[in-house]
Amino acid sequence: INGTGTLTGISVGGLPDGIVDTDMIAASAVTAAKASGSVKGITMADRWSITGNTNLTNANTYYVVTANWQKSTAAGSNTGAVGSAMTESSGVFTFPSTGIYYIVYDCITGTSNDQVNMWSYITVGADNTSTNDLSVKASSGDSGTMNTVTGSGLLDVTDTSAQKVFVRGYAANTGCYISGNANNQRTAITFIRLGDT
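Computed from a predicted model, the values in this text were never measured in an experiment. (Residues numbered from 1 in each chain as written. Predicted model: local features only at pLDDT ≥ 70, side-chain atom pairs only at ≥ 80, totals over all residues. Heavy atoms only, no water.)

Student: Can you tell me about the overall build of the protein, naming the residues and giving the values?
Tutor: Broken down by element type, the protein carries one helix and 15 strands. The buried share among the 197 residues of the protein stands at 34%. Here the contacts in the protein between residues at least 6 apart in sequence split such that 73% fall between residues at least 24 apart. Working note: accessible area of the protein is about 10000 Å², and carbon and sulfur atoms make up 51% of it. (Helix = DSSP H or I, 4+ residues; strand = E, 2+ residues; numbered from the N terminus. Buried < 20%, exposed > 50% of the residue type's maximum accessible area, 1.4 Å probe, protein only. Contact = heavy atoms within 4.5 Å. Areas by Shrake-Rupley, 256 points an atom, 1.4 Å probe, with all protein chains shown as cover.)

Right, here's the structure in full:
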C-alpha cells in the first residue's frame, strides 16, 4: 500500500495488483525445473548382496563374483530402493540410465590359511573380462579369521552398454573366500545415482 492508500504490487495471472497467486508461482517453478532437467535429489538407489560364498580356489587368480546375487534383504525383508533398479547377469550389473553414480562394495573375506593377502575390486567394463578397476582394497588375516573390506568410487556413466560393473577377488594363497549369506548382507554392492552426467 502506497502513501495514497492504493494497493500496489505484482500482477500475476490477471489478478488485481498486489495479489499474488503463490500456488501458481510454485507450480510454474516445478514445471520449469522439470523442463530444464534441473530437478534435484536422488532419483535412484539400489542394493544387491550374495547369498553364498565365492571360493577363491587357486592362488594368484582373479575370480569374478558371478553367482548368488539377489536384491538385498534384511531378516527376509526387502531393504528398499528408489527409482529404476540395476539389472544383473552372471555378476555383471547394468545401469538403468546414464548419470553420475556412487558405488559402494562391502565385502567380508575369510581364509583357512595364515597371513594371506586378498584384494577386492570394483571393475568397470562391457563384460566381466575387463581389468579397468574403479576401486581396489586389500585385507589379510590369520587362519580362520574374517575381515571386512569396503571399496567405493564415483562413476560417470555415459554409455550403459559399455560401462557395466562387476566385483572380483584375488588371493595370494589358497583357502580364501568371499562370504555370503541369504539372510544378512555380508557382501553387498550399493548403487546411488547422484545426478546427470
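There is more to say after this.
Student: Describe the pairing of strand β10 (residues 116-125), with residues and values.
Tutor: β10 sits mainly inside the fold: eight of its ten residues count as buried. Taking the residues between adjacent antiparallel strands as the criterion, β10 and strand β11 (residues 132-141) are bridged by six residues. Alignment of β10 against strand β13 (residues 164-171), held across eight bridges, turns out to be antiparallel. Directly across from I122, in β13, lies its bridge partner V167. (Pairing = 2+ DSSP bridges.)

Student: Summarise the packing of aromatic side chains; cite the residues concerned and give the values.
Tutor: Inspection of the entire model under this criterion finds eight aromatic pairs. Taking the centre distance of 5.1 Å and the plane angle of 85° together, the rings of W69 and F93 count as edge-to-face. Note that W69 is positioned in strand β4 (residues 69-71) and F93 in strand β8 (residues 92-94), a separation of 24 residues in sequence. A single burial state applies to W69 and to F93, both of which are buried. Summarising the aromatic geometry, the rings of F95 and Y101 are spaced 4.5 Å apart at their centres and angled 50° between planes, so their arrangement reads as tilted. Judged by relative accessible area, which is 3%, F95 ranks as buried. The buried category is assigned to Y101, whose relative accessible area is 0%. (Phe/Tyr/Trp six-rings, centres within 6.5 Å; stacked < 30°, edge-to-face > 60°.)

Student: Residue-level account of the pattern of salt bridges, with values.
Tutor: Where side chains of opposite charge bring their charged atoms close, a pairing between them can arise. Applying the stated rule across the entire model yields four salt bridges. Across the salt bridge formed by D106 and R47, the nearest N and O atoms sit 3.6 Å from each other. With D106 in strand β9 (residues 99-111) and R47 in strand β1 (residues 44-50), this pair connects stretches of sequence that are 59 residues apart. Relative accessible area serves as the criterion here: at 21%, R47 is assigned to the partly exposed category. A salt bridge links R193 to D196; its shortest N-O distance comes to 2.7 Å. Overall, the relative accessible area of 11% leaves R193 in the buried class. (Salt bridge = Lys/Arg side-chain N within 4 Å of Asp/Glu carboxyl O.)

Student: I'd love a proper account of the nonpolar core, names of residues and values included.
Tutor: If you look at the biggest cluster of nonpolar residues, it comprises 27 residues, and the most contacted ones within it are W69, F95, I103, Y105, V165, I189 and F191. Ignoring anything within four residues of it in the chain, the contact list for I189 reads D46, R47, W48, W69, F93, I103, V104, Y105, V165 and V167. (Core = buried A, V, L, I, M, F, W, Y, C linked by side-chain atoms within 4.5 Å.)

Student: Account for the environment of G175, naming residues and giving values.
Tutor: Along the chain, G175 turns up in the loop between β13 and β14 (176-178). The spatial distance from the C-alpha of G175 to the C-alpha of T57 is 6.4 Å, given a sequence separation of 118 residues. Aside from chain neighbours lying at most four places away, what touches G175 is L56, G110, T111, S112 and N113.

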